[in-house]
Amino acid sequence: MKKTGRPRKAERKENISVNLPKALVDEINNQLSYFSSRSGWIQLAIEEKLGEAFTVSESTTIQLLLALSHREDITDFCLKVITSEIKSMTQVVETVEGQ
């Protein structure tokens, strides 16, 4: 007799455990909005590092701003502007999602 049940997802996720410095985890958490997924953020960062991330035209504005904020050649002024813009955009997203 064949078991029947719910169909499985095409791509299964696997839990892993990674030790990171608290300061790095805090920095990641500061980049996330209330409704964001830390796992999703870390997955995107890994895909970016592996070269499997979205192209510029496929990326959201927030993803592009986050990428710019992590460049070594960014000025303090630009970083403040980018950070402010990211915060204002995530607040707008939270407000829209909360309605």
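Please refer to the structure placed before this passage.
Note that this is a predicted model, so its numbers are computed, not measured.

Asks: Pulling in residues and values, what's your account of the overall build of the protein?
Replies: Counting its regular elements, the protein contains four helices and zero strands. Going from the N terminus to the C terminus, the protein shows its helices and strands as α-α-α-α. In the protein, which comprises 99 residues, the share counted as buried stands at 11%. Contacts in the protein between residues far apart in sequence, at least 24 positions, make up 39% of those at least 6 positions apart. Counting every atom, the protein has about 9,000 Å² of accessible surface; 54% of that belongs to carbon and sulfur.

Asks: Any chance you could break down the side chain of S69 for me, citing the residues and the numbers?
Replies: Structurally, the position occupied by S69 is in helix 3 (residues 61-69). Excluding anything up to four places from it in sequence, S69 contacts I74, L79 and I82.

Asks: Explain the pattern of salt bridges to me, using residue names and the numbers behind them.
Replies: Pairing between side chains of opposite charge can happen when the charged atoms of each approach one another. The tally for this structure, following the rule as stated, stands at two salt bridges. Between D26 and K22 there is a salt bridge; the shortest N-O distance is 3.0 Å. Within this pair, D26 and its partner K22 are both found in helix 1 (residues 22-31), separated by four residues, close to a single helical turn. A residue is classified by how much of its surface remains accessible, and K22, at 61% relative accessible area, is exposed. For D73, the salt bridge is made with R71, and the minimal N-O distance between the two is 2.8 Å. For R71, a relative accessible area of 45% puts it in the partly exposed group.

Asks: Break down a nonpolar patch on the surface for me, with residues and values.
Replies: Together, I16, V18, L20 and L24 make up a nonpolar patch on the protein surface, roughly 370 Å² of accessible area in all. In this structure, V18 sits in the segment before helix 1. V18 gets classed as exposed once you look at its relative accessible area, which sits at 52%.

Asks: Residues and numbers for helix 3, please.
Replies: Turning to helix 3, its buried residues are L65, L66 and S69. One side of helix 3 holds all its buried residues, which, seen down the axis, span an arc of 100 degrees.

Asks: I'd love a proper account of the packing of helix 1 against helix 2 (residues 38-50), names of residues and values included.
Replies: Running from N to C, helix 1 and helix 2 point in directions that differ by 105 degrees, and their axes come no closer than 10 Å. By the criterion of interaxial angle, the relationship of helix 1 to helix 2 is roughly perpendicular. Facing helix 1, whose interface residues are V25, I28, N29 and Q31, helix 2 presents R38, W41 and I42. Split by residue class, the contact of helix 1 with helix 2 holds four nonpolar, two polar and one charged.

What counts as what
- Sequence order as written defines residue numbering, which begins from 1 separately in each chain.
- Under the rules for a predicted model, residues below a pLDDT of 70 receive no local features and side-chain atom pairs below 80 are neither given nor counted, while totals for whole chains, interfaces and linings still include all residues.
- Heavy atoms from the whole structure form the basis of all side-chain values; hydrogens and water molecules are not counted.
- What counts as a helix is a DSSP run of H or I of at least four residues, what counts as a strand is a run of E of at least two, and both are numbered from the N terminus.
- Remark: exposure states derive from per-residue accessible area (1.4 Å probe, protein chains only) relative to the maximum for the residue type, with buried under 20%, exposed over 50%, and partly exposed in between.
- Here, residues are in contact when the closest pair of their heavy atoms is within 4.5 Å.
- Throughout, the Shrake-Rupley method with a 1.4 Å probe supplies accessible areas, and for residues the shown protein chains are the sole cover considered.
- When a carboxyl oxygen of Asp or Glu is within 4 Å of a side-chain nitrogen of Lys or Arg, the pair counts as a salt bridge.
- Exposure above 30% relative accessible area and the absence of a salt bridge qualify a residue for a patch, where like charges join within 9 Å and nonpolar side chains (Val, Leu, Ile, Met, Phe, Trp, Tyr) within 5 Å.
- Arc definition: directions from the helix axis to the C-beta atoms.
- To obtain an axis, a line is fitted to C-alpha atoms, over the contacting stretch when the element is a helix, and the angle between two such axes runs from 0 to 180 degrees between their N-to-C directions.
- Orientation is classified from the angle alone, with under 35 degrees giving roughly parallel, over 145 giving roughly antiparallel, 65 to 115 giving roughly perpendicular, and any other angle giving oblique.
- Residue polarity follows a fixed list, in which Ala, Val, Leu, Ile, Met, Phe, Trp, Tyr, Cys and Pro are nonpolar, Asp, Glu, Lys and Arg are charged, and the others, Gly among them, are polar.

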